[in-house]
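# Topology and contacts: notes
Spelled out from the first residue to the last, the chains are:
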Amino acid sequence: GAPLTFDDMAGGSLNVVSWLKVTEFGMTIGSDKTNLIEKINVVIPLSEVALCYSVRYGNPAQYEKTYDRVTNARGGPWADSLMRAQKIDPKATEYRSADIPFYVLEDIKNKKGEVVVEANKAIGHGLAVTGWNNFAALIRKVVAAGGDQGHSIVKLELGFAPQHNAKGDWGILEFRNPEILQALPWEVN
């Protein structure tokens, strides 16, 4: 086989302090589902985004992902993961996703005023089935503004949009007012 590259080894490894979840009511961080957040000012270094494919199946929902469409991120062949998912849920199909690090520009506090994420630290988010289109629209805006889809640093307001269909309610991320930066804000002298 071919020698491994750094990109092979780094795929899917985000350095984040917590994970961001989205509901129809707002965004939450970590396990605290009571601290609903409507917007967060963040920076995304696009070079740190880990593009992937995921599959959702079962009830309660289970998720699997791959960064190369060959191997499951947890091990084993991706094709086996898809077959296992489709045995449990015949409608299960892989979908485009990404693991995205969001570096917050100011401290995020809980209802008690305690800091749950310090400024300049990263929170991570894995795009859900319906989350890809908003992210792809962001990347198209970056490219249209002269940025590079894989290397630009983008400052924006992260928000959410409630969604609804016959199966239920949920939320997806919105990427508002993107601005291309030359460097991470805390690296500027």
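The sections below set out a description of the structure shown in this document. Just so it is clear, the structure is predicted and the values come from calculations on it, not from any experiment. (Residues numbered from 1 in each chain as written. Predicted model: local features only at pLDDT ≥ 70, side-chain atom pairs only at ≥ 80, totals over all residues. Heavy atoms only, no water.)

This brings us to the packing of aromatic side chains. One pass over the structure, following the stated rule, counts four aromatic pairs. The ring of Tyr53 carries Arg69 above its face, with NZ or CZ at 3.8 Å from the centroid. (Phe/Tyr/Trp six-rings, centres within 6.5 Å; stacked < 30°, edge-to-face > 60°. Lys NZ or Arg CZ within 6 Å of the ring centre and 35° of its normal.)

Attention now moves to the pairing of strand S7 (residues 94–104). Burial analysis of S7 places nine of its eleven residues in the buried class, which makes it a mostly covered element. As paired strands, strand S4 (residues 40–45) and S7 are joined by two bridges and run antiparallel to one another. Counterpart to Val42 in the pairing with S7 is Val104. Looking at chain direction, S7 and strand S10 (residues 122–126) are connected through five bridges and run antiparallel. Counted as the bridge partner of Pro101 is Gly124 from S10. (Buried < 20%, exposed > 50% of the residue type's maximum accessible area, 1.4 Å probe, protein only. Helix = DSSP H or I, 4+ residues; strand = E, 2+ residues; numbered from the N terminus. Pairing = 2+ DSSP bridges.)

What follows deals with the environment of Ala73. For Ala73, the position within the fold is in the loop between strand S6 (62–66) and helix H2 (78–88). Judged by its relative accessible area of 48%, Ala73 falls in the partly exposed class. Residues Ala73 and Ser54, spaced 19 residues apart in sequence, show a C-alpha to C-alpha distance of 9.8 Å.

Another point: the nonpolar core. If you look at the biggest cluster of nonpolar residues, it comprises 30 residues, and the most contacted ones within it are Ile40, Phe102, Phe135 and Leu158. Looking at this core, the elements that each hand over two or more residues are strand S1 (18–22), strand S2 (27–29), S4, S7, helix H3 (132–144), strand S11 (153–165) and strand S12 (168–181). With six residues, H3 is the single largest residue contributor to this core. Contacts of Phe135, omitting those with residues within four sequence positions, involve Val49, Leu51, Ala98, Ile100, Leu127 and Phe175. (Core = buried A, V, L, I, M, F, W, Y, C linked by side-chain atoms within 4.5 Å. Contact = heavy atoms within 4.5 Å.)

Purely geometric stuff here, so don't read any function into it on its own.
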